Amino acid sequence: MHKPEHPIGIQTQAVHAGESPDPVTGASAPNIVMSTTFIAPPDASFSVEALDEETPFIYTRWGNPTVAQLELKLAVLEEAEGCVAFASGMAAISALLFHTLGAGDHLVMSDIAYAAASEMTNELLPRMGVRVTKVNMADLDELAAAITPATKLVYAETPCNPLLRLTDIAKVAEIAHGAGARLAVDSTFATPLATKPLALGADYVIHSLTKYLGGHGDAIGGALLGPADELAVLRKKVAIRTGGILSPFNAWLIMRGVATLPLRMRAHAEGASQVAQFLEAHPKVTRVIYPGLPSHPQHELAKQQMKNFSGMLTFQVKDGQAAARVLAEELRIIHYAVSLGHQRSLVFYLPTEDLLKTSFHLTPEQRASYREFAGEGIFRFSVGIEDSDDLCRDLDQALARVR
């Protein structure tokens, strides 16, 4: 895309950033470059240590034209200096943790985060000599008390998965930076349409591209965004050497999805707001958590920090496990399935005891806080872009069969 004379809107950025017509064929849509290797100049180095911005494409594990286009598009949307794309969101998280932490270092992390990230920090990092402290990131005093001189990284997720609890990014950044630590924010639920963590003081932003950015449930990917110089080192020292690189075909699919992200996020948020209001008034539903509802305990922070309340909500039903069996059998439009951020609506039941046993290793106080939000279990509902009236009718007919 040619540099525009005037600032352009995010819908235009989503369509055009990182892309330009093919100079040989004139193709308007971006090509998929599936080649694993490229014709190299005679003085090209065989070592990745020589890799810099001037290095031509040599081998797709090092870099690929299609992946590079996606990285540029994402960097523009997040107003980031640099971006490295990965084969999954967990590959992006792992690369960040391996890059920033070593034996003897300390990580302060949200007590509730994406399950695989939580499990990794419960088990793998401590085996590598990294001390991990889990805190409620909504409690700034708890965060400040957990930070030590050895703290290198503070890791937050907002809204967090699955509770939809929020983190005040600007205030957490101030605390982290005051102690000499960096702040990473997983912004998968929010997307750049709602929140730009770097503008609020974060050092790194993480996205699971599998979710809203890809948007169609057909491609897995991840991305890490932040300072260009640091990410250049991370690419050489971690991403290339650990090998969790993004397939060019998946990069192309995700890039196609990103083009409609602003339109989809508007539809997701509008639909989720209507569905949340419907569920909050439903006699079978005992609680709904959605940042866009005034009943959300952090609704004021949501209004301040999120331009779009996204499409994620949770709700509770008496005897949720039994209700889950009914919904799995009776829902006709909504799919009873894991994952989120797709064009179709997805719902799945998350029993509290299962998550506390496997994913979230919490103190008694933190367990009590989790239960305040989740009770005995929650339905995590990713509202798609279908007509909200159809979704409400589908929920109503299924909930009518719940005893």
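The shown structure was predicted, so the numbers you read here are calculated from the model rather than taken from an experiment.

What counts, and at which threshold
Residues numbered from 1 in each chain as written. Predicted model: local features only at pLDDT ≥ 70, side-chain atom pairs only at ≥ 80, totals over all residues. Heavy atoms only, no water. Helix = DSSP H or I, 4+ residues; strand = E, 2+ residues; numbered from the N terminus. Contact = heavy atoms within 4.5 Å. Pairing = 2+ DSSP bridges. Axes fitted to C-alpha atoms, helices over the stretch in contact; angles between N-to-C directions. UniProt positions renumbered as here; feature names shortened; annotations may be inferred. Buried < 20%, exposed > 50% of the residue type's maximum accessible area, 1.4 Å probe, protein only. Polar contact = N/O pair within 3.5 Å; in protein donor to acceptor, adjacent residues only side chain to side chain. Left-handed = near helix turned anticlockwise from the far one by under 90°. Nonpolar A, V, L, I, M, F, W, Y, C, P; charged D, E, K, R; others polar. Parallel < 35°, antiparallel > 145°, perpendicular 65-115°, else oblique.

(A) Structural detail: the side chain of asparagine 250. In this fold, asparagine 250 is placed in helix H8 (residues 248-258). Setting aside chain neighbours within four positions, we find asparagine 250 in contact with Ala219 and Ile220.

(B) Seen up close, the sheet that holds strand S11 (residues 346-351). Spatially, 5 strands are ordered S8-S9-S12-S11-S10 in an open sheet, and the strand pairing comes out mixed. What marks the edges here is a single partner per strand, and that holds for strand S8 (285-289) and strand S10 (335-336). In terms of strand pairing, strand S9 (residues 312-317) meets strand S12 (residues 377-382) through 4 bridges, oriented antiparallel. The residue of S12 that forms the bridge with threonine 314 is arginine 380. The strands touched by helix H9 (residues 261-280) are S8, S9 and S12; relative to S9, the strand with the most contacts, the crossing angle is about 15°.

(C) Broad picture of the UniProt feature "modified residue: N6-(pyridoxal phosphate)lysine" (unreviewed entry) in the protein. As annotated by UniProt and renumbered to match this structure, "modified residue: N6-(pyridoxal phosphate)lysine" (unreviewed entry) occupies Lys211. Residue placement: lysine 211 occurs in the loop between strand S6 (204-208) and strand S7 (222-226). On the accessibility criterion, lysine 211 (10% relative accessible area) is buried. Among all residues touching lysine 211, those that are not within four sequence positions of it are Thr188, Ser339, Leu340 and Gly341. In terms of polar contacts, lysine 211 uses its side chain to reach the side chain of serine 208, at 3.0 Å.

(D) The arrangement of the sheet that holds S7 in detail. Spatially, the 7 strands line up as an open sheet ordered S1-S7-S6-S5-S4-S2-S3, and their pairing is mixed. Strands at the two margins of the open sheet, each flanked by one partner only, are strand S1 (82-86) and strand S3 (131-135). Shown here is a sheet whose adjacent strand axes are inclined to one another by a mean of 20°, direction ignored. Bridging between S6 and S7 involves 4 bridges; their strand directions are antiparallel. Bridge pairing in S7 links valine 205 to leucine 225. Along the sheet, helix H6 (residues 169-178) contacts strand S4 (151-157) and strand S5 (182-186); its crossing angle with S5, the most-contacted strand, is approximately 150°.

(E) Layout of the packing of helix H3 (residues 89-100) against helix H4 (residues 115-127). Close contact between H3 and H4 brings their axes to 11 Å; oriented N to C, the two are set at 40°. For the pair H3 and H4, the crossing hand works out as right-handed. Along its contact with H3, which presents Met90, Ile93, Ser94, Leu97 and Phe98, the element H4 presents Ala116, Ala117, Met120, Thr121, Leu124 and Leu125. Residues belonging to the contact of H3 with H4 are distributed by class as follows: 9 nonpolar, 2 polar and no charged.

(F) View of the packing of helix H11 (residues 320-330) against helix H14 (residues 388-399). Where H11 contacts H14, the axes come no closer than 9 Å and their chain directions differ by 125°. Relative to H14, the element H11 is oriented oblique. Taken as a pair, H11 and H14 cross one another with a handedness that is right-handed. Contact with H11, carried on its side by Val326, Leu327 and Glu330, involves Asp394, Gln397, Ala398 and Leu399 of H14 and no other residues of that element. Residue composition of the contact of H11 with H14, by class: 4 nonpolar, 1 polar and 2 charged.

(G) Expanded view of the environment of threonine 55. Tracing the backbone shows threonine 55 in the loop between helix H1 (10-16) and helix H2 (65-78). Separated by 2.9 Å, the side chain of threonine 55 and the backbone nitrogen of aspartate 52 make a polar contact.

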